[in-house]
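What the coordinates show
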Amino acid sequence: MSDTAIITAFSLIAEADPALVQVIGLSLRVSLSAIVLACLIALPLGAALALSRFPGRGGVIVICNALMGLPPVVAGLLIYLLLSRSGPLGSLELLFTPAAMIAAQTVLVVPIILSLTRSMIEELWGEYEEQLRSLGSGRLRAVPTLLWDGRVGLLTGILAGFGRASAEVGAVLIVGGNIAGHTRTMTTAITLETNRGNLAMAVALGIILLSIVLGLNALAFGLTQWSRRRMG
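It should be emphasised that the depicted structure is a prediction, and the values quoted were computed from it without experimental measurement.

Reading the values: the criteria
- Residues numbered from 1 in each chain as written.
- Predicted model: local features only at pLDDT ≥ 70, side-chain atom pairs only at ≥ 80, totals over all residues.
- Heavy atoms only, no water.
- UniProt positions renumbered as here; feature names shortened; annotations may be inferred.
- Helix = DSSP H or I, 4+ residues; strand = E, 2+ residues; numbered from the N terminus.
- Buried < 20%, exposed > 50% of the residue type's maximum accessible area, 1.4 Å probe, protein only.
- Contact = heavy atoms within 4.5 Å.
- Salt bridge = Lys/Arg side-chain N within 4 Å of Asp/Glu carboxyl O.
- Phe/Tyr/Trp six-rings, centres within 6.5 Å; stacked < 30°, edge-to-face > 60°.
- Lys NZ or Arg CZ within 6 Å of the ring centre and 35° of its normal.
- Axes fitted to C-alpha atoms, helices over the stretch in contact; angles between N-to-C directions.
- Parallel < 35°, antiparallel > 145°, perpendicular 65-115°, else oblique.
- Left-handed = near helix turned anticlockwise from the far one by under 90°.

Before going further, it helps to examine the UniProt feature "transmembrane region" (unreviewed entry) in the protein chain. UniProt's entry tags residues 32–51, 58–83, 95–116, 154–179 and 199–223 with the feature "transmembrane region" (unreviewed entry), counted in the numbering of this structure. A helix fraction of 86% and a strand fraction of 0% characterise residues 95–116, whose end C-alpha atoms lie 30 Å from each other. Secondary structure content for residues 199–223 is 100% helix and 0% strand, and the end C-alpha separation is 36 Å.

Below, the structure written as structure tokens:
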């Protein structure tokens, strides 16, 4: 890679190139929307799985843990089959739209947040069960308290989920189609621009994406250290 491409990449960032800004903006909107939906689904389900007891619970936990490693292309394929014209949700005409990309990223992130929530709530309930019961709080009523007490750890998991969503390429490429100005994200744009030989744009997007991922990891690390110091 030539020095010219690197210099041009930083120029594109410094000048806030419209095409660059558009791709970054769409990427962030899609990933943030997916994280919000994933939290709405995974936090209550994870808490319920942690506090409930039913036949086959162990199998459900194993499946949830296994889905944390779900290949992105498989998630993309599942959403594609659901939203295609012949699929059960084809009438909604959501395929190759940001909504389809949000759905694919949500599928990828839900198992991460759900499994972390289940593990953390289960641990906190074991630690504070007697104290909570003495205050008249049963399993269901204890959920908000436990979620709040584990908020730092949960936020770390949520940040990890956002990092996976924002760096994902396979699923969003399948369901989004990488349409310029409509469904082109940072990861799909990097792939396209590299194939085209437009290294300056690819490098600029790579720098932004790497900065986001590093920033999220730094924030997660900082929160963890702060929590440990606070707990003594």
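Attention now moves to the side chain of T185. Along the polypeptide, T185 turns up in the loop between helix 8 (170–176) and helix 9 (186–196). Since its relative accessible area comes to 5%, T185 is described here as buried. Other than its neighbours up to four places away in sequence, T185 contacts V23, S27, M101 and V172.

Turning our attention to unusual backbone geometry. Even without being glycine, E93 reaches a positive phi, approximately 55 degrees. Assessed through its relative accessible area of 64%, E93 is described here as exposed. Of note, F96 is a non-glycine position whose phi angle comes to about 65 degrees, a positive value. The residue F96 is located in the loop between helix 4 (72–83) and helix 5 (98–134) in this model. Owing to a relative accessible area of 34%, F96 belongs among the partly exposed residues under this scheme.

Okay, the pattern of salt bridges next. Counted according to the given criterion, the structure contains three salt bridges. Linking R57 and E122 is a salt bridge whose minimum nitrogen-to-oxygen distance equals 2.2 Å. Here the residue R57 occupies a position in helix 3 (residues 57–67), and E122 occupies one in helix 5, the gap between them amounting to 65 residues. Judged by its relative accessible area of 27%, E122 falls in the partly exposed class. The structure contains a network of salt bridges with shared partners spanning R57, R118 and E122.

The relative placement of two aromatic rings is captured by the distance of their centres and the angle of their planes. Within this structure, the stated rule accounts for one aromatic pair. Positioned over the ring face of W148 is R151, at 4.0 Å from the centre of the ring.

Here we come to the packing of helix 4 against helix 5. At a minimum axis distance of 9 Å, the contact between helix 4 and helix 5 shows a crossing angle of 135 degrees. Looking at the two axes, helix 4 sits oblique to helix 5. The handedness of the crossing between helix 4 and helix 5 is right-handed. Between helix 4, through P72, A75, I79 and L83, and helix 5, the contact on the second element is made entirely by A100, A103, A104, V107 and L108.

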